[in-house]
Amino acid sequence: MPLLGPDDPLPSTPERILVAGTSGAGKTRLAAALSRATGLPHTEIDALFHGPAWTPRESFVEDAYALAERSRWITEWQYSAVRPKFLERCDVLVWLDPPVPLVMWQLVVRTVHRRWRREELWNGNLEAPLRSVLTDRDHIVRWAWRTRHHTARRIEQALVSRPDLCVVHLQRRHEVRRWLEGLEAGSIDYGYA
């Protein structure tokens, strides 16, 4: 199946939606908006993964697999240990693919905002001190820059393993808004006769 754009009809009403994209692309925000538009429950995959002090939760894989087995969900397509299971179970994969400068801008602003406000993320975790961008190879900003091309390769591999997979490719904010507006208004044709 070819990549679909914001105005292309979906082959069926989705029940399990994955949102893919690099760190800072807006996956969680889009997943939450999709949940509001479709009524499907959203589970933030980072909340399942991160335990206190940024340690991976021991039950992460088990919890993620249990989520994947549910009949209806939306989540982000992250973490190599569970990525194949979610890919196997999803109806639609939404590829959020904004330009790299926009992603980096969004990520820096989000990181500074979270740190400045000492916003709690998952299980008591806070963003690292801003100076750690210079010392921590895996600081979220450096991670996003280093891995910015990985999603495109994963999408290519997904389409090889699941040629039937419906992938919606959204590159610009106006495309995301248009697609969401179509879902909310019920104007996106699901291909029913």
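On a predicted model such as this, the values are computed, not experimentally measured, just so you know.

## With respect to the layout of surface pockets
Here the largest pocket defines a volume of roughly 1,600 Å³. Along the walls of the largest pocket sit 49 residues, with Ser23, Gly24, Lys27, Arg110 and Ile140 positioned nearest its centre. Elements represented by at least two residues in the lining of the largest pocket include exactly helix H1 (27–38), helix H5 (100–117), helix H6 (140–146), helix H7 (150–161) and helix H8 (173–185). Here the lining of the largest pocket gets six residues from one element, more than from any other, and that element is H5.

## Thoughts on the environment of Leu126
On the secondary structure map, Leu126 appears in the loop between H5 and H6. Judged by relative accessible area, which is 25%, Leu126 ranks as partly exposed. Expressed as a C-alpha distance, the spacing of Leu126 and Leu96, which sit 30 residues apart in the sequence, is 25 Å.

## Notes on the side chain of Ser23
The residue Ser23 is located in the loop between strand E1 (16–20) and H1 in this model. With a relative accessible area of 16%, Ser23 lands in the buried category. Not counting residues up to four positions away in its chain, the partners in contact with Ser23 are Val103, Leu107, Ile140, Trp143 and Ala144.

## Here we look at helix H3 (residues 60–69)
Along H3, the residues classified as buried are Phe60, Ala64, Leu67 and Ala68. Here the buried residues of H3 occupy an arc of 100° about the axis, which is enough to place them on one side.

## Focus: the pattern of salt bridges
Under the criterion given, the structure shown has nine salt bridges. The partner of Glu15 in a salt bridge is Arg72, with the nearest N and O atoms 3.0 Å apart. Of this pair, Glu15 sits in the segment before E1 while Arg72 sits in the loop between H3 and strand E2 (73–76); the two residues are 57 residues apart in sequence, bridging distant segments of the chain. Linked by salt bridges that have partners in common, Glu69, Lys85 and Glu88 make up one network.

## Observations concerning the sheet that holds strand E3 (residues 92–96)
Hydrogen bonds between backbone atoms are what pair the strands of a sheet, whose relative direction is either parallel or antiparallel. Pairing is parallel in the open sheet, where four strands are placed in the order E2-E1-E3-E4. Of all the strands in the sheet, just E2 and strand E4 (166–170) have a single pairing partner and so form its edges. Neighbour-to-neighbour, the strand axes of this sheet turn through a mean angle of 20°, independent of strand direction. Sheet analysis places E1 next to E3, joined by four bridges and oriented parallel.

## Focus: the side chain of Thr75
Relative to the elements of secondary structure, Thr75 occurs in strand E2. Of note is the side chain of Thr75, whose polar atom sits 2.7 Å from the backbone oxygen of Thr43. In this structure Thr75 touches Ile17, Leu18, Val19, His42, Thr43, Glu44, Ile45, Leu67 and Phe86, once residues within four positions along its chain are discounted.

## Things to note about a nonpolar patch on the surface
A grouping of Val108, Val112, Trp116 and Leu130 is seen on the molecular surface, where their side chains present a nonpolar patch of about 420 Å² in accessible area. The residue Trp116 is located in helix H5 in this model.

## Here's the deal with the nonpolar core
One finds Leu30, Leu34, Val94, Val168 and Trp179 to be the most contacted residues of the largest nonpolar core, which totals 23 residues. For this core, the elements supplying multiple residues, two or more each, are E1, H1, E3, E4 and H8. Among the elements that take part in this core, H1 stands out by supplying five residues, more than any other. Not counting residues up to four positions away in its chain, the partners in contact with Val94 are Ile17, Leu18, Val19, Ala20, Leu30, Leu34, Val168, Leu170 and Trp179. In this structure, Ala20, Trp73, Ala158 and Val167 belong to the second largest nonpolar core, which totals 22 residues.

The rules we used
Numbers given to residues run from 1 along each chain, matching the order in which its sequence is written. Where totals are concerned, whole chains, interfaces and linings use all residues; where local detail is concerned, this predicted model gives features only for residues with pLDDT of at least 70, and gives and counts side-chain atom pairs only at 80 or more. No hydrogens and no water enter the side-chain calculation; it runs on all heavy atoms of the structure. Cavities and pockets were defined on a 1 Å grid built from protein atoms only: a cavity is a group of points that admits a 1.4 Å probe but offers it no way out, a pocket is an open group of points flanked by protein on both sides within 12 Å along at least five of seven lines, and a lining residue is one with an atom within 4 Å of any such point. Grid points are joined across faces, edges and corners, and a volume is the space filled by probe spheres set on the points. Strands here are runs of E lasting at least two residues and helices are runs of H or I lasting at least four, both read from the DSSP assignment and numbered beginning at the N terminus. Burial classes: relative accessible area under 20% of the type maximum marks a residue as buried, over 50% as exposed, and values in between as partly exposed (1.4 Å probe, protein chains only). Note on contacts: a residue pair qualifies if any of its non-hydrogen atoms lie within 4.5 Å across the two residues. This arc is built from the directions going out from the helix axis to the C-beta atoms. Put simply, a salt bridge is a Lys or Arg side-chain nitrogen that is within 4 Å of an Asp or Glu carboxyl oxygen. Paired strands are those between which DSSP finds at least two bridges. Inter-axis angles, ranging from 0 to 180 degrees, are taken between N-to-C directions of lines fitted to C-alpha atoms, where helices are fitted over the stretch in contact. Residues adjacent in sequence count toward polar contacts only when both atoms are side-chain atoms; beyond that, a polar contact is any pair of N or O atoms within 3.5 Å, and within protein one must be able to donate a hydrogen and the other to accept it. Each patch groups residues whose relative accessible area exceeds 30% and which form no salt bridge, using 9 Å between like charges and 5 Å between nonpolar side chains of Val, Leu, Ile, Met, Phe, Trp and Tyr. Accessible surface is estimated by sampling points in the Shrake-Rupley manner with a 1.4 Å probe; for residues, cover comes only from the protein chains shown. Nonpolar cores were defined as sets of buried Ala, Val, Leu, Ile, Met, Phe, Trp, Tyr and Cys residues, with membership established by side-chain atoms within 4.5 Å.

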